[in-house]
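Spelled out, the chains give:
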Amino acid sequence: MGEGESPSVMPKVITFLSSLLERVAESNDHNQEQHPQKISAFHGLTRPNISIHSYLERIFKYANCSPSCFIVAYVYLDRFTHKQPSLPIDSFNVHRLLITSVMVAAKFMDDMYYNNAYYAKVGGITKIEMNFLELDFLFGLGFHLNVTPGTFQAYCVHLQREMLLMQPLNFSDSTLTLGKSLKAHLCLNEDESSHQKQQQLAV
């Protein structure tokens with residue numbers, strides 16, 4: 001667990017992130033009734049019975065990854081949906097995307113982490129499937145795993161602000177990102193030269 005991080009912070013992160021993902025999945029489920037999406041390795045045949053919030057709590061309880069991993073996983077999910085616009089997050093794929101993104105984030109962020117077999121057990125899938133999902137996710141990201149401090153802070157600020165304001169979301173682009181204003185705020189092009197400006201905006 002990173003320096004200065006407290007376990008007590010984690011429930012808030014889980015609540016904020018799960019609320020956001022639930023709204024994204026619900027909206028994309030509705031959109032797919034008119035525009036069926038591409039089926040991927042992350043899609044289940046049926047919707048999982050466990051809620052997104054309970055699933056995140058389970059991951060937090062058993063994976064023992066740092067709170068920052070959940071923010072980095074959020075960054076990865078956002079990048080993934082932008083690089084793979086034909087695979088928006090919905091109720092059929094969100095759980096597999098979550099366990100995969102958190103596992104990848106833990107490997108990148110933490111000094112100590114569990115192996116794929118353990119994460120597969122936590123996520124309720126097989127080790128073979130976990131291995132395959134990890135590779136699919138990494139290729140889907142283009143192996144773009146680095147998260148700068150400016151980007152990390154921007155996502156933290158947005159996640160907190162979004163939950164406080166509870167503004168209506170715009171899912172017209174069927175991505176995790178929340179409308180044009182958010183795209184500008186989060187520097188999703190990862191242009192290092194613009195991070196200073198974004199940090200000033202976030203203050």
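Now for a description of the structure that goes with this document. (Residues numbered from 1 in each chain as written. Predicted model: local features only at pLDDT ≥ 70, side-chain atom pairs only at ≥ 80, totals over all residues. Heavy atoms only, no water.)

**Considering the overall build of the chain**
Alright, step 1. Counting its regular elements, the chain contains 9 helices and 0 strands.
Alright, step 2. Counting helices and strands in the order they occur from the N terminus, the chain gives α-α-α-α-α-α-α-α-α.
Alright, step 3. Considering only intrachain contacts with a sequence separation of at least 6, the fraction spanning at least 24 residues in the chain is 83%.
Alright, step 4. Of the accessible surface of the chain, which amounts to about 10400 Å², a share of 56% is contributed by carbon and sulfur atoms. (Helix = DSSP H or I, 4+ residues; strand = E, 2+ residues; numbered from the N terminus. Contact = heavy atoms within 4.5 Å. Areas by Shrake-Rupley, 256 points an atom, 1.4 Å probe, with all protein chains shown as cover.)

**Considerations on unusual backbone geometry**
Apart from glycine, the bulk of residues carry a negative phi angle, and the bulk of peptide bonds sit in the trans form.
Alright, step 1. Positive phi is not limited to glycine here, since N64 has a value of about 55°.
Alright, step 2. Looking at the element boundaries, N64 is found in the loop between α2 (52-63) and α3 (67-83).
Alright, step 3. Overall, N64 belongs to the exposed group, its relative accessible area being 51%.
Alright, step 4. Positive phi, normally seen in glycine, also occurs at F143, with a value near 55°.
Alright, step 5. Tracing the sequence through the fold places F143 in the loop between α6 (127-141) and α7 (149-165). (Buried < 20%, exposed > 50% of the residue type's maximum accessible area, 1.4 Å probe, protein only.)

**Focus: the environment of F16**
Alright, step 1. Tracing the backbone shows F16 in helix α1 (residues 10-34).
Alright, step 2. Distance from F16 to L164, taken between C-alpha atoms, is 9.4 Å for residues 148 residues apart in sequence.

**Overview of the side chain of S91**
Alright, step 1. Inspection of the secondary structure puts S91 in the loop between α3 and α4 (94-109).
Alright, step 2. Sequence-distant contacts of S91, that is, excluding residues within four places in its chain, are made with A25, D29, R47 and P48.

**Points about the nonpolar core**
Alright, step 1. Counting residues in each nonpolar core, the largest one holds 47 residues, and the members touching the most others are Y76, Y119 and F137.
Alright, step 2. Elements supplying a minimum of two residues to this core: α1, α2, α3, α4, α5 (116-123), α6 and α7.
Alright, step 3. Residue contributions to this core peak at 10 residues, all from α3.
Alright, step 4. Sequence-distant contacts of Y76, defined by excluding residues within four places in its chain, comprise S101, V104, A105, F108, F137, L141, H144, L145 and V147. (Core = buried A, V, L, I, M, F, W, Y, C linked by side-chain atoms within 4.5 Å.)

**Concerning the pattern of salt bridges**
Alright, step 1. Summed over the entire model, instances satisfying the criterion amount to 2 salt bridges.
Alright, step 2. One salt bridge connects E134 with K107, and the closest N-O pair in it is separated by 2.8 Å. Note that E134 is positioned in helix α6 and K107 in helix α4, a separation of 27 residues in sequence.
Alright, step 3. The exposure class assigned to E134 is buried, which follows from its relative accessible area of 13%. (Salt bridge = Lys/Arg side-chain N within 4 Å of Asp/Glu carboxyl O.)

**Quick look at the packing of α4 against α5**
Alright, step 1. Their axes nearest at 10 Å, the elements α4 and α5 cross at an angle of 145°. Between α4 and α5 lies a crossing whose hand is right-handed. Contact with α4, carried on its side by I99, V102, M103, A106 and K107, involves N116, Y119, V122 and G123 of α5 and no other residues of that element.
Alright, step 2. Residue classes in the contact of α4 with α5 are distributed as 6 nonpolar, 2 polar and 1 charged. (Axes fitted to C-alpha atoms, helices over the stretch in contact; angles between N-to-C directions. Left-handed = near helix turned anticlockwise from the far one by under 90°. Nonpolar A, V, L, I, M, F, W, Y, C, P; charged D, E, K, R; others polar.)

**Considering α5**
Alright, step 1. Regarding α5, the residues found buried are N116, Y119, A120, V122 and G123. Around the axis of α5, the buried residues are gathered within 160° of arc, so they sit on the same side.
Alright, step 2. In the core, the buried residues of α5 are packed alongside α2, α4 and α6. (Arc of directions from axis to C-beta.)

**Focus on the packing of α4 against α6**
Alright, step 1. Running from N to C, α4 and α6 point in directions that differ by 75°, and their axes come no closer than 10 Å. Taken together, α4 and α6 sit at an angle that is classed as roughly perpendicular. Residues R96, L97, I99, T100, S101, M103, V104 and K107 of α4 pack against E129, M130, L133, E134, F137 and L138 of α6.
Alright, step 2. The residue inventory of the contact of α4 with α6, partitioned by class, reads 8 nonpolar, 2 polar and 4 charged. (Parallel < 35°, antiparallel > 145°, perpendicular 65-115°, else oblique.)

**Details of the state of the cysteines**
Alright, step 1. Under the definition given, this model contains 0 disulfides.
Alright, step 2. With no disulfide of its own, C69 lies closest to C65 among cysteine sulfurs, the gap being 4.7 Å.
Alright, step 3. Residue C69 is classed as buried on the basis of its relative accessible area, which comes to 0%. (Disulfide = S-S within 2.5 Å.)

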